[in-house]
Amino acid sequence: MSWFSKFLTSSVGKKLIMSLTGLFLIIFLLVHLIGNLQLLADDGGESFNMYAKFMTSNPLIKMTSYGLYFFILLHAIQGLLIWSKNRASGGSKRYSGGRPLSTWAGRNMAGLGTVILVFILLHMWQFWFQYKWGEVASATYDGVEVRDLYEVVRHAFQNVGFVIFYVISMIVIAFHLHHGFQSAFQSLGLNHQKYTPAIKAIGTAYSILIPLGFAVIPLYILFAK
Amino acid sequence: MKLNLKVWRQKNGQAKGGFETHQVVADEHMSFLEMLDVLNQDLIIGGKEPLAFEHDCREGICGACSMVINGRPHGPNKGTTACQLHMRSFKDGDTIHIEPFRAASFPVIRDLVVDRSAFDRIIESGGYVSVNTGQAQDANAIPVEKNQAGESFDAATCIGCGACVAACPNASAMLFVSAKVSHLALLPQGQVEHENRVQSMVTQMDKEGFGACSNTYACEAECPKEISIENIARLNRSYLGASLSSK
Ligand code: HEM
Ligand code: SF4
Ligand code: FES
């Protein structure tokens, strides 16, 4: 085996892949949220629709989005493979004791991740697929005709059931991130009393603020628009 | 004090095994293992097979006394081996669950005794320094920085008990392996073979079937020697570094 595949198939190397893809997804979430917050603007959807057009036509961003799909798949598949291997390592399930000193989120990353995966697939179908191939009305701003994704989103968020699913998914992401953020640095080999307390604090803030930001949007559209 | 014990009994590795209930009258000054000695004396007098459990030093330095007490490897007290746990940590009338360390790579041999030779094979794969025989060296010939020596010593206090594996939801051996890699890596003598060591020990660890580390840190919380997970971070970066730079 070459040194590279030996590294990537070792337990330590597999976790490095989880860490790097996870950190990429963490940065993506921030960028995605900043874009989405334009849904809150009181301009009938103009800024959001222009932003959606920019995001789907700029070649650099297109390249990045292919990377994103690949990294999500890699993270999800690798994560589930690690999970199934770890379950097999765990030994008899017939003993009485649990594992009381590990955190709930830490023990349930795969379950949390699977909910996120279902959410992402639904989310892609509902917005991305419709935007690209569905029937979407158009809107015109200053003579530029764009597809009215704002209307698609506004319509989706009128459905109370979907908004509830969306908000629950954000809570799930919060737990995944709360464990994942600091975990990613540990997997990279970065743990030191000089900076680890700061990583943990930033991770906690990030894991609350980002999902909260996402969750506010459907709630605002449902109740205020 | 009167205790209700629910102990795991299993004839051998193939048997299914299950819990057995026993009453024991113990003294609060007894250690946990002395309490089990009382149980075994009762069993022998009653013509029954005594409970098999491992022990050697009974002073917290050998790592033999592997057992899960009320769901926690080595019992409820922080930084304490089962042999150093005393019955004053329990109350009269308590029900106590006692079972073997749980991990596919630690198969049960009998009752509470598990086979931890996987750890021996990991050590054999690189947990040593090669030293030529000959004249004993002057102890101070190689300078060692004070903080490094301290950190190395902290890692070296690992007694190889396996509680970290039993505590981990994935039965990962990362705390043990990282302690062994670290205590050598932090000393000049250990640096010489560091790159090969970290690679072969991780390879052997994976071969033995231990899980990957999910960073739940249950190991650090349960380790009787309070080995720090900073060692696991060191192992992670050393393994990456060694993979990139070794020949
Ligand atoms: C919003 C998207 C996601 C983000 C930001 C994210 C982030 C992270 C981060 C940072 C980690 C820690 C990596 C480490 O311990 O080194 C992680 C772990 C994990 N993720 Fe995700 N993740 C996402 C989606 C998913 C999905 C869709 C799955 C699919 C099942 C998943 C499954 C897992 C699993 C199983 C682990 C734990 C691996 C382990 O330590 O045993 N994640 N994630
Ligand atoms: S790291 Fe701690 S729990 Fe693990 S084998 Fe060493 S002493 Fe035991
Ligand atoms: S018997 Fe030696 S550490 Fe407990």
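Residues numbered from 1 in each chain as written. Chains lettered and ligands numbered in written order. Predicted model: local features only at pLDDT ≥ 70, side-chain atom pairs only at ≥ 80, totals over all residues. Heavy atoms only, no water.

### Observations concerning a nonpolar patch on the surface
Together, Ile208, Leu209, Leu212, Val216 and Tyr220 of chain A make up an exposed nonpolar region whose accessible area comes to about 460 Å². Within the secondary structure, Val216 of chain A sits in helix α9 (residues 196-224). (Patch = residues over 30% accessible without salt bridge, like charges linked within 9 Å, V, L, I, M, F, W, Y side chains within 5 Å. Areas by Shrake-Rupley, 256 points an atom, 1.4 Å probe, with all protein chains shown as cover. Salt bridge = Lys/Arg side-chain N within 4 Å of Asp/Glu carboxyl O. Helix = DSSP H or I, 4+ residues; strand = E, 2+ residues; numbered from the N terminus.)

### Some remarks on the site of ligand 2
Neighbouring residues of ligand 2: 14 residues in total, closest Cys158, Cys161, Gly162, Cys164 and Cys223 of chain B. When its residues are assigned to classes, the shell around ligand 2 shows 11 nonpolar, 2 polar and 1 charged. (Near = heavy atom within 4 Å. Nonpolar A, V, L, I, M, F, W, Y, C, P; charged D, E, K, R; others polar.)

### Examining the coordination of the iron atom of ligand 1
Residues and elements named next belong to chain A. Donor atoms from the polypeptide that bind the iron atom of ligand 1 are His75 (NE2) and His176 (NE2), placed at 2.0 Å. The site at the iron atom of ligand 1 holds 6 donor atoms, and with the angles between them running 87 to 179 degrees, its shape is octahedral. Residue His75 is found in helix α4 (residues 59-89), and its partner His176 is found in helix α8 (residues 160-187); the two are separated by 101 residues along the sequence. The exposure class assigned to His176 is buried, which follows from its relative accessible area of 17%. (Donors = N, O, S within 2.8 Å, 3.2 Å for Na, K, Ca; no water. Tetrahedral: all angles 85-135°; square planar, octahedral: opposite > 155°, others 65-115°. Buried < 20%, exposed > 50% of the residue type's maximum accessible area, 1.4 Å probe, protein only.)

### Section: the interface of chain B and chain A
Taken residue by residue, the interface counts 49 residues in chain B and 40 residues in chain A. With both chains or domains summed, chain B and chain A bury close to 3700 Å², and 53% of this area falls on carbon and sulfur atoms. The interface formed by chain B and chain A contains 0 salt bridges. Of all the secondary-structure elements, those providing two or more residues to the side of chain B that touches chain A are β2 (18-25), β5 (95-99), α4 (163-167), α7 (194-207), α8 (218-222) and α9 (230-245) of chain B. It is α9 of chain B that contributes the most residues to the side of chain B that touches chain A, 9 residues altogether. In terms of residue class, the side of chain B that touches chain A is made up of 28 nonpolar, 13 polar and 8 charged. (Contact = heavy atoms within 4.5 Å. Buried area = accessible area lost by both parts, 1.4 Å probe.)

### Things to note about the packing of helix α2 (residues 117-124) of chain B against α7 of chain B
Residue and element names in this part refer to chain B. Orientation of α2 relative to α7, taken along the N-to-C sense of each, is 155 degrees, at an axis distance of 8 Å. Taken together, the axis directions place α2 and α7 in an arrangement best described as roughly antiparallel. Handedness of the crossing formed by α2 with α7: right-handed. Between α2 and α7, the residues in contact are Arg121, Ile122 and Ile123 and Met201, Gln204 and Met205, respectively. In terms of residue class, the contact of α2 with α7 is built from 4 nonpolar, 1 polar and 1 charged. (Axes fitted to C-alpha atoms, helices over the stretch in contact; angles between N-to-C directions. Parallel < 35°, antiparallel > 145°, perpendicular 65-115°, else oblique. Left-handed = near helix turned anticlockwise from the far one by under 90°.)

### With respect to the sheet that holds strand β3 (residues 68-69) of chain B
Residues and elements named next belong to chain B. Sheet architecture is open: 5 strands sit in the order β2-β1-β5-β3-β4, paired in mixed fashion. At either end of the open sheet lies a strand with only one pairing partner, and these are β2 and β4 (72-73). For β3 and β5, the ladder comprises 2 bridges, and the chain directions are antiparallel. Following the sheet pairing, Val68 is matched in β5 by Glu99. Relative to β2, helix α1 (residues 32-45) is tilted by about 95 degrees, and along the sheet it contacts β1 (2-9), β2, β3 and β5. (Pairing = 2+ DSSP bridges.)

### Let's talk about unusual backbone geometry
Residue and element names in this part refer to chain B. Positioned with a positive phi, Ala171 is a non-glycine residue whose angle comes to about 50 degrees. Assignment of secondary structure puts Ala171 in the loop between α4 and α5 (174-185). If you check the backbone angles, Glu226 has positive phi at about 50 degrees while not being a glycine. Examined against the element boundaries, Glu226 turns out to sit in the loop between α8 and α9. Accessibility expressed as a relative area gives 46% for Glu226, which makes it partly exposed.

### Considering the nonpolar core
Judged by nonpolar contacts, the single largest core of 69 residues is most densely connected at Leu5, Phe32, Leu36 and Met67 of chain B. Mapped onto the domain boundaries, this core takes at least three residues apiece from domain 1 (2-109) and domain 2 (116-245) of chain B. If sequence neighbours within four positions are ignored, Leu36 of chain B has contacts with Leu5, Leu51, Phe53, Met67 and Ile98 of chain B. Listed in part, the 37 residues of the second largest apolar core include Leu29, Leu112, Ala184 and Ala215 of chain A. (Core = buried A, V, L, I, M, F, W, Y, C linked by side-chain atoms within 4.5 Å. Domains from an automatic or database assignment.)

### Let's talk about the site of ligand 1
Lining the immediate environment of ligand 1, one finds 25 residues, of which His75, His176, Ser183 and Ser187 of chain A together with Ser214 of chain B sit closest. Note that an oxygen atom of ligand 1 is positioned 2.6 Å from one of the side-chain N or O atoms of Ser187 of chain A. If you list the elements that add at least two residues to the shell around ligand 1, you get α2 (11-36), α4, α6 (109-133) and α8 of chain A. If you tally residues by element for the shell around ligand 1, the top one is α2 of chain A, at 7 residues. When grouped by side-chain class, the residues that make up the shell around ligand 1 number 12 nonpolar, 12 polar and 1 charged. (Polar contact = N/O pair within 3.5 Å; in protein donor to acceptor, adjacent residues only side chain to side chain.)

### Let's talk about the domain arrangement of chain B
It is common to give the size of an interface as the accessible area lost on bringing the parts into contact. Residues and elements named next belong to chain B. Here chain B is described as being made up of domain 1 (2-109) and domain 2 (116-245). With centres defined by C-alpha atoms, the gap from domain 1 to domain 2 works out at 29 Å. Contact with domain 1, which involves 20 residues of that partner, is made by 20 residues of domain 2. Each partner contributes to the roughly 1500 Å² buried at the junction of domain 1 and domain 2, and carbon and sulfur atoms together form 56% of this total. Taken as a group, Pro73, Ser105 and Phe106 account for 35% of the area that domain 1 buries against domain 2, more than any other trio of residues on that side. At the junction of domain 1 with domain 2, the criterion picks out 3 salt bridges.

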